[in-house]
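Residue-level structure breakdown
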Amino acid sequence: MQMLSTRGAAAVSPSMAILRGLAPDGGLYVPETFPAFTAQEIRALAPMSYQERAAFVLARFLPDFTRDELRAAIAGAYGTGFDDPAVAPLRPVGGRAHALELWHGPTLAFKDMALQLLPHLLTLSGRKHGETREVFILVATSGDTGKAALEGFLDVPGTRCCVFYPEGGVSQAQRLQMVTTGGSNTHVIAVRGNFDDAQSGVKRIFSDPAFAGAMNAQGRVLSSANSINYGRLVPQVVYYFSAYADLLAQGKIGMGDPVNFCVPTGNFGDILAADYAAKAGLPVGKLICASNENNVLSDFIRTGVYDIAGRAFYRTISPSMDILISSNLERLLFDLHGRDGAKVAALMARLRETGRYGVDADVLRALQARYAAGFVDEAGIRAEIRRTWEESHYLMDTHTAVASAVLRDYVRETGDQTPGVIVSTASPYKFGAAVLEAIGGPQAVAGKDDFACCAALSALTGTREPDQIAGLPQMPVRHHAVCEKDAMAQAVLDVIA
Ligand SMILES: *Cc1c(COP(=O)(O)O)cnc(C)c1O
């Protein structure tokens, strides 16, 4: 199996796609063909551990890695850094749905599921291709990817990781998690702008030959840990298979029964991994794309028009979804347009030039055959957290609440009785102030910083505050750099000088 670029560049192996991150024509790498898992193979996942399921699924998406390489990488990724032996446990939320908890890793958000594995895949890929230069990872983060990447690459030999985050655009805890990172190969820079500015800046650096030349002269080669990297995407396919296997193992479904997944969506990486699982044979009903007030994606799925031109950018209490330009949608567009790279390149050019594009009626029909969509505003997020806590004693973070509320709306609108899985993407303590306010009202948070809020949340709900949060305020800040959004390349050269 080779990897194609969504904009038509020459095919490469999966390991080369991981090493490069982005294709040389600016496109994203996608598999030429999808593996096909049989019903029997999926049923066989039920009694397996998460690590065994991962080895089985990844072998088919990464055919140029050996079983032993994958097994060692998986053991390194999903071991002691996770506080639940199931790695990605599936928990009932009252009687109405299940939550797939993807936040039991070291940084308390689902990004760990991919970023604990990616450094292993990258190092192996480098070895396969005789790469002796230091792999330099550039990351733009809306809050959670940054810390997960720093933690994943921390002191990994032969790698260096530099993270850009929007100044003032992440929570107090998210910022502290990043700027207190130790290690000898990590850098963190605040950008005066929003996440889209940071992401566009990183993309510009990637396509800047002068910057690549400067890196090469220093014995370094650029790569990406953003979800444009195929090595980020494939580890995420695993947990959809795992959730299905858990439902089978618990007797909640029979083999072949469809399951709906409702995914809180920003850059479209998480939900696209579910799409890839479906294309590889997992019995998926609908993929429900859940947006916050930055609802460009849910509008697109409902209307076929992707339009950021007249749209305000909102800073919400689910900041990891405050995104208007969703990179991974390009991979879906490629599949929806018969894998026509020229067509995708034209749509992306139109988006750059006019701020919008529309898809044809037949494409919209194919899109809506697989996807449904909805969005929820700030009051709706708070109401969902409170209601789920009061009705089911299930405590969810603000992002998970977006999915939970959208699934509730979807079931009410459609009457669809297919079992539903809410993809739970962060620990409630990662966004403790907003969660506390949702349950306890504005007076519960008055005068408290994020950390006092987490302590109060623990006292109020009787749930345990993770050590990763409780210890943060005492840790020394090690990264202080700030830059303008059009000076990011120079900022990188400055911090590594
Ligand atoms: C990144 C993130 C999302 C959005 O995931 P995408 O793959 O970007 O769509 C949702 N919730 C949390 C907590 C996140 O960190």
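The sections below set out a description of the structure shown in this document.

Let us look at the overall build of the protein. When you go through the protein residue by residue, the secondary structure sums to 23 helices and 15 strands. The C-alpha atoms of the protein give 21 Å as radius of gyration, which agrees with the globular expectation for 497 residues (23 Å, within 12%). Considered along the principal axes of its C-alpha atoms, the protein spans approximately 60 × 50 × 50 Å. Counting all 497 residues of the protein, 61% fall into the buried class. Contacts spanning at least 24 positions in sequence make up 76% of the contacts within the protein whose residues lie at least 6 apart. Of the accessible surface of the protein, which amounts to about 17,500 Å², a share of 52% is contributed by carbon and sulfur atoms.

The tally for this structure, following the rule as stated, stands at 25 salt bridges. Linking R7 and E330 is a salt bridge whose minimum nitrogen-to-oxygen distance equals 2.8 Å. Here R7, found in the loop between β1 (3-5) and α1 (14-20), pairs with E330, found in helix α14 (residues 329-336); they are 323 residues apart in sequence, far enough to count as distant. In this structure R7 comes out as partly exposed when scored by relative accessible area, which is 25%. Residue classification places E330 among the buried positions, given a relative accessible area of 4%. One salt bridge connects R408 with E384, and the closest N-O pair in it is separated by 3.1 Å. On the criterion of sequence distance, the pair formed by R408 in helix α18 (residues 398-414) and E384 in helix α17 (residues 378-392) is long-range, its members being 24 residues apart. Residues joined in a network through salt bridges with shared partners are D275, K279, D335 and R339.

Glancing now at the packing of aromatic side chains. Evaluated as defined, the whole model comprises eleven aromatic pairs. With 5.1 Å between their ring centres and 45° between their planes, Y239 and Y240 make a pair best called tilted. Pair check on accessibility: Y239 and Y240 agree, each one buried. Through pairs of rings, three or more aromatic residues link up here, namely F37, F56 and F241. Lying over the aromatic face of F37, R60 brings its terminal NZ or CZ to 4.6 Å of the ring centre. For the cation-ring pair, K128 lies above F65, with the distance from its terminal atom to the ring centre recorded as 5.0 Å.

Looking now at the pairing of strand β3 (residues 90-93). It is a general feature of regular strands that their side chains alternate between the two faces of the sheet. Across four bridges, β3 lies against strand β4 (residues 97-101) in antiparallel orientation. Looking at the pairing, L90 lines up with L100 of β4.

What follows is about the site of the ligand. In the region of the ligand, 15 residues are neighbours, and K111, D144, G266, N267 and T425 sit closest. At 2.7 Å from an oxygen atom of the ligand is found a main-chain nitrogen or oxygen belonging to N267. Within the backbone of D270, a nitrogen or oxygen atom sits 2.9 Å from an oxygen atom of the ligand. Taken by itself the ligand offers 380 Å² of open surface, and the protein chains cover 97% of this. Its residues assigned to classes, the shell around the ligand shows five nonpolar, seven polar and three charged.

Judged by nonpolar contacts, the single largest core of 153 residues is most densely connected at Y240, F241, F261 and Y357. If one sorts the elements of this core by residue count, helix α11 (residues 230-249) sits on top with 13 residues. Look past the residues within four positions of Y240 in its chain and what remains in contact with it is F261, V263, D270, I271, A273, A274, A277, L282 and V423.

The six strands lie next to each other as β3-β4-β14-β9-β10-β13, forming an open sheet whose pairing is mixed. Each end of this open sheet is capped by a strand with a single partner; those strands are β3 and β13 (371-375). Taken over all neighbouring pairs, the strand axes of this sheet differ in orientation by 25° on average, direction set aside. Here strand β9 (residues 259-264) runs beside strand β10 (residues 284-291); their pairing, made up of five bridges, is parallel. Counterpart to P264 in the pairing with β10 is A290. Docked against the sheet, helix α16 (residues 361-370) engages β10 and β13, running at close to 100° with respect to β10.

On to the sheet that holds strand β15 (residues 481-484), then. Read from one edge to the other, the open sheet built from five strands follows the order β8-β5-β6-β7-β15, with strand pairing classed as parallel. The open sheet terminates on both sides in strands that have one partner only, identified here as β8 (220-224) and β15. Across the sheet, the axes of successive neighbouring strands diverge by a mean angle of 30°, strand direction being ignored. Relative to strand β7 (residues 186-192), strand β6 (residues 159-166) is paired through six bridges, and the arrangement is parallel. Of the residues in β7, the one forming a bridge with V163 is V188.

Rules used throughout
Residues numbered from 1 in each chain as written. Predicted model: local features only at pLDDT ≥ 70, side-chain atom pairs only at ≥ 80, totals over all residues. Heavy atoms only, no water. Helix = DSSP H or I, 4+ residues; strand = E, 2+ residues; numbered from the N terminus. Rg over C-alpha atoms; globule rule 2.2 N^0.38 Å. Buried < 20%, exposed > 50% of the residue type's maximum accessible area, 1.4 Å probe, protein only. Contact = heavy atoms within 4.5 Å. Areas by Shrake-Rupley, 256 points an atom, 1.4 Å probe, with all protein chains shown as cover. Salt bridge = Lys/Arg side-chain N within 4 Å of Asp/Glu carboxyl O. Phe/Tyr/Trp six-rings, centres within 6.5 Å; stacked < 30°, edge-to-face > 60°. Lys NZ or Arg CZ within 6 Å of the ring centre and 35° of its normal. Pairing = 2+ DSSP bridges. Near = heavy atom within 4 Å. Polar contact = N/O pair within 3.5 Å; in protein donor to acceptor, adjacent residues only side chain to side chain. Nonpolar A, V, L, I, M, F, W, Y, C, P; charged D, E, K, R; others polar. Core = buried A, V, L, I, M, F, W, Y, C linked by side-chain atoms within 4.5 Å. Axes fitted to C-alpha atoms, helices over the stretch in contact; angles between N-to-C directions.

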